[in-house]
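# Observations on chain architecture
Letter by letter, the chains look like this.
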Amino acid sequence: MIISYNWLCEYLPVGEADLPEIVEPEKLSKILTSIGLEVESLEKKEAVKGGLQGLLIGEVLTCEKHPDADKLKLTTVNIGAEEKLQIVCGAANVAAGQKVVVATIGSTIYPINGEAMTMKKAKIRGVESYGMICAEDEIGLGESHDGILVLPPEAIAGTAASEYFNLTDDYIFEIGLTPNRIDAMSHMGVARDVCAYLSHHNKKDILLKSPFKNNFKPDNRGLQMEVVIENTEACGRYSGVSIEGVTIAESPDWLQQKLKSIGVKPINNIVDITNFILHETGQPLHAFDASAIAGNKVIVKKLPAASLFVTLDEKERKLSADDLMICNGESPMCIAGVYGGIHSGVTSSTKNIFLESAWFNPTSIRKTSLHHGLRTDAAARFEKGVDISNTVNVLKRAATLIKEIAGGEIASDIIDAYPTPKEKTEVALKYHYLKKLSGKNYHGDTIKDILHSLGFQLIKEGADEMRFTVPFSKPDISIAADIVEEIMRIDGLDNVEIPTMITIAPAVETLAHEAAYTERTAEYLAGSGFQEIFTNSITNSAYYDDDVLEQSVKMINNLSEELNVLRPAMMETGLTSIAYNLNRKHNDLQIFEFGKTYAVVETGKYVETNHLTIYITGNKTSGGWKSKAEKVDFYFLKGVFEKVAAILGLPVDKYQPAENNSLFNCIQACIKNEVVAHIGMIGADKLNRFDIKQPVYYADLNWDKLLELNKQLFIQHKDVSKYPAVQRDLAIVVNKSLPYEEVEKATKSVRLKKLTAVNLFDIFESEKIGADKKSMAISFTFTDEEKTMTDKEIDDMMNKIIVCYEKELGAEIRK
């Protein structure tokens, strides 16, 4: 939010008894920050760059042809000093007797276009020149370069140019405004807060200087309009007035200067007045060419979805069913509160206008603004909630200014369609609650004075509480805590008392178990070469299909069109990070993320699920002189998952194939009959959406389930066996289609207590063992806690396994 210091001071009663001295910019900056309007920057802004320092008003005494150049003139100029200046000038319009602006030797000029230039004595075609007679664009006063700037005859030679042009420097505040402070999105709103602060700290009423004068009066009633609000939910109030006989022209200097000071480009007097009012009061206005209002009727309504409308930027837009439109008797004229139409705006030929001042529903405006990608100043205010009580006052102020600046006559009464007058919000404030939140005892009179200065009205006062009505300019205030904030702001947030003693209650740690295992897992992954990422849990709904979005949590007041849903799945935000890195040639990635997904389980009920996701792509080891680069694969990722499960003390019971639209060859891991993870290679369609051209392997672990299973563990300790483990290998020939999972199941079915580990260490395929066959080499580890096992015992157990394999798997034992 940009605020002009000079403009702001027009609403402060400076020079009056209550505020005899001006508040300096630096002091005002501290006041604004103290009341919650944080000043992010304060910069001096010169009316003209360089301030015309060193430039003087001169009088051309003589003007003769240059002796050695047809297009140059040799002049003598009086600048109020005893010695006259000889200046060579190339302007065709220079003549004796003119009053001009002279840049003397040593002064610096700052042209509108080009580099700054410091004046030096020069010899031009053999004649010495002691300065420069300036055109307006050469000194930053305008854009014309048709000739030198000729001043009125009454200008006095020797007067400083800065004094003659009455240049006033300004200071520009850039305020970091929080989204709830719509009341401070104008110069008057900020001035009201400053007056409230000064009143409280100076112990006397310092009242805002209101620009609203009671001088509005229709000149005739020859251009009456009818206003009909068909959608009263989206438009709570619509006010308007007609003005005829206006002349569209440039705005006066004072108005242009105000707009330029805050970075708004002047356009014409009508548009400039609406922009001026917007930044003065915070109320957006819109001016229609009255000749474009068919039937002299304004209708506020919504049109059918997919209706077409051409906006001021000459773009044809397809309307949604939520878009509120301002229509005439035949066609739409404007997207309400957002953007005007190409056929109803003010042009250079406009003579009669209809001026709109309205209150539109913030939610409706927000939806329309985001839908069309139109982030206008008007929409930014309407979507936060403007002051519904101020539409008529602002309209009268604007109409009076238009009559004064653009001529014409007010040709109608104020039209004010207000179907259901809004009731003010009432909020009760208890003294003990104020003390609890602020840590400070406020006297009742202090509370009343502060809130009164901000526009609150006391409607009831009791022994332990007060009840106030909230001004319409503060739509964000609805609970007692908001009132406390207002009091503390005006008292000064830097005046919060620091207690000498802090009282705390012992906290009971409820998430220590989860945090410990999360940290332990993160340390393992980081130690194994993985990098942790943190991605935004608010993401783009375009990443997900309709089935997923049905249960997703949509954002109501999203910050941008792209960030509009809480992520229903983790994969997509991680792929965004991978794509970012791949685009910067970081092709070998091993990353993980702890994060949440969000879903709607039923109306009004939401569920959050914690996940650990792991992504790998590229090479797991880089190549060198001793070894070649080794690419990541599915089994590497599966091994990482098993390590994480081992950290949690959870052996994986089984893996089984799973259907997953985003993963190719997906398996799900089960522990105690609970599906705890999905592992696979991300599908090509998903990778193409993020423009990723290399394989990415992905594991999604349900962290909540894993931690819950971990809590159920009963930890037992036992001594390391005194007796050696024995290992035997076995090679079996089975059908090529047989998964290793079936071998594991068959092994477990033998129920050998002394069998402590089974490991597949080789798979061999060859025509020698059969085209549809494969050989699997398996290692078995046996341990007896009570004695050293004999060969006979081990042979008996191996025979049982062999019999089982032959019977259950149809296996052939390789000798």
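Preceding this paragraph is the structure being described.
A brief structural summary. Please read all numbers here as calculations on a predicted model, not as lab measurements.

A tally of regular secondary structure across the protein chain gives 20 helices and 44 strands. For a compact globule of 815 residues, the expected C-alpha radius of gyration is about 28 Å, and the protein chain comes in at 40 Å, more than 25% above that figure. Along the first, second and third principal axes, the C-alpha atoms of the protein chain reach 130 × 85 × 70 Å. Taking all 815 residues of the protein chain together, the buried fraction comes to 47%. Across the protein chain, contacts joining residues at least 24 apart in sequence account for 69% of those joining residues at least 6 apart. Summed over its atoms, the accessible surface of the protein chain is roughly 42,800 Å², and 49% of this surface lies on carbon and sulfur atoms. With 90 positive and 115 negative side-chain charges, the protein chain shows a separation of 4 Å between the mean positions of the two kinds.

The next subject is the sheet that holds strand E44 (residues 812-813). Within a sheet, adjacent strands bond to each other through the backbone by hydrogen bonds, running parallel or antiparallel. What the 4 strands build is an open sheet, ordered E42-E43-E41-E44; its pairing is antiparallel. If you trace the sheet from one side to the other, it starts and ends with strand E42 (755-764) and E44, each paired once. Running over the sheet, helix H19 (residues 740-749) touches E42 and strand E43 (773-782) and is turned about 150° from E42. Across the face of the sheet, helix H20 (residues 791-809) comes into contact with strand E41 (726-735), E42, E43 and E44 while running at roughly 15° to E41.

The subject of this paragraph is the nonpolar core. Leu32, Val190, Ile402, Ile447 and Ile487 are the most contacted members of the largest nonpolar core, which totals 72 residues. With 8 residues, helix H4 (residues 187-202) is the single largest residue contributor to this core. For Ile487, the residues in contact, after removing those within four places along its chain, are Leu429, Leu434, Tyr442, Ile447, Ile450 and Leu451. Of all hydrophobic cores here, the second largest spans 41 residues; its members include Met225, Ile229, Ile299 and Phe360.

Moving on to the packing of aromatic side chains. Scanning the model with the defined rule gives 14 aromatic pairs in all. When the centroid spacing of 5.0 Å and the interplanar angle of 90° are considered together, the rings of Tyr164 and Phe165 count as edge-to-face. Ring centres of Tyr543 and Tyr544 lie 6.4 Å apart, and the angle between their planes is 65°; on these two criteria the pair is classed as edge-to-face. By relative accessible area, Tyr544 is classed as buried at 7%.

So, on to the sheet that holds strand E29 (residues 531-532). Strand order in the open sheet formed by 7 strands is E29-E33-E34-E40-E39-E38-E37, and the pairing between neighbours is mixed. Each edge of the open sheet carries a strand with a single partner, namely E29 and strand E37 (654-657). Where E29 meets strand E33 (residues 589-602), 2 bridges bridge the pair, whose relative direction is parallel. In the sheet register, Glu532 faces E33, and the bridge partner there is Phe592. Running over the sheet, helix H13 (residues 512-527) touches E29, E33 and strand E34 (605-617) and is turned about 145° from E33.

Quick look at the side chain of Gln98 now. Along the polypeptide, Gln98 turns up in the loop between strand E5 (85-89) and strand E6 (99-104). Here Gln98 falls in the buried class, since its relative accessible area comes to 14%. Of note is the side chain of Gln98, whose polar atom sits 2.8 Å from the backbone oxygen of Asn93. The contacts of Gln98, once residues within four sequence positions are left out, are Gly58, Glu59, Val60, Asn93, Ile148 and Val150.

The next thing to look at is the pattern of salt bridges. According to the stated counting rule, one finds 39 salt bridges in the structure shown. Between Asp691 and Lys693 there is a salt bridge whose closest N-O contact spans 2.6 Å. For the salt bridge of Asp796 with Lys792, the shortest nitrogen-to-oxygen distance reads 3.3 Å. Here Asp796 pairs with Lys792, and both are found in helix H20, just 4 residues apart, close to one helical turn. Here Asp796 falls in the partly exposed class, since its relative accessible area comes to 35%.

On any regular strand, side chains alternate: one points to one face of the sheet, the next to the other face. With 4 bridges connecting them, strand E27 (residues 457-461) and strand E28 (residues 465-469) associate as antiparallel partners. In the strand pairing of E28, Leu458 is matched with Phe468. The hairpin formed by E27 and E28 contains 3 residues between the paired strands.

Next up on the list: the side chain of Asp272. Position of Asp272 relative to the elements: it lies in helix H6 (residues 269-281). Nearest to the buried, unbridged Asp272 among oppositely charged side chains is Lys260, at 9.1 Å. When residues no more than four places from it in sequence are discounted, the contact partners of Asp272 are Ser251, Leu255, Leu259, Lys265, Pro266 and Ile267.

Here we take up the packing of H13 against helix H16 (residues 634-647). Two elements in contact, H13 and H16, have axes separated by 10 Å at closest approach and are oriented at 145°. Pair H13 / H16 crosses with right-handed handedness. Only Val640, Lys643, Val644 and Ile647 of H16 make contact with H13, whose side of the interface consists of Tyr517, Arg520, Thr521, Tyr524 and Leu525. Residue composition of the contact of H13 with H16, by class: 6 nonpolar, 1 polar and 2 charged.

Turning next to a negative patch on the surface. Together, Glu38, Glu40, Glu43 and Glu174 make up a region of like negative charge exposed at the surface. Here the negative patch gets 3 residues from one element, more than from any other, and that element is strand E2 (residues 38-45). By the element assignment, Glu174 lies in strand E13 (residues 170-176).

Structurally, Glu593 can be placed in strand E33. In sequence terms Glu593 and His611 are 18 residues apart; their C-alpha atoms lie 8.0 Å from each other. Not counting the four nearest positions on each side in its chain, Glu593 is found in contact with Ile533, Phe534, Thr535, Arg567, Met570, Thr573, His611, Leu612 and Thr613. Separated by 2.7 Å, the side chains of Glu593 and Thr535 make a polar contact.

The side-chain alternation of strand E20 (residues 324-327) yields two buried faces, one formed by Leu324 and Ile326 and the other by Met325 and Cys327. Sheet topology places strand E17 (residues 297-302) next to E20; 4 bridges connect them, and they run antiparallel. Along E20, the bridge assignment pairs Ile299 with Cys327. Note: E20 against strand E21 (residues 332-335), 3 bridges, orientation antiparallel. Opposite Ile326, over in E21, you have Cys334 as the bridge partner.

Conventions adopted
Residues numbered from 1 in each chain as written. Predicted model: local features only at pLDDT ≥ 70, side-chain atom pairs only at ≥ 80, totals over all residues. Heavy atoms only, no water. Helix = DSSP H or I, 4+ residues; strand = E, 2+ residues; numbered from the N terminus. Rg over C-alpha atoms; globule rule 2.2 N^0.38 Å. Buried < 20%, exposed > 50% of the residue type's maximum accessible area, 1.4 Å probe, protein only. Contact = heavy atoms within 4.5 Å. Areas by Shrake-Rupley, 256 points an atom, 1.4 Å probe, with all protein chains shown as cover. Lys, Arg positive; Asp, Glu negative; His and termini not counted. Charge placed at Lys NZ, Arg CZ, Asp CG, Glu CD. Pairing = 2+ DSSP bridges. Axes fitted to C-alpha atoms, helices over the stretch in contact; angles between N-to-C directions. Core = buried A, V, L, I, M, F, W, Y, C linked by side-chain atoms within 4.5 Å. Phe/Tyr/Trp six-rings, centres within 6.5 Å; stacked < 30°, edge-to-face > 60°. Polar contact = N/O pair within 3.5 Å; in protein donor to acceptor, adjacent residues only side chain to side chain. Salt bridge = Lys/Arg side-chain N within 4 Å of Asp/Glu carboxyl O. Left-handed = near helix turned anticlockwise from the far one by under 90°. Nonpolar A, V, L, I, M, F, W, Y, C, P; charged D, E, K, R; others polar. Patch = residues over 30% accessible without salt bridge, like charges linked within 9 Å, V, L, I, M, F, W, Y side chains within 5 Å.

Limitation: the analysis is restricted to geometry and does not speak to function.
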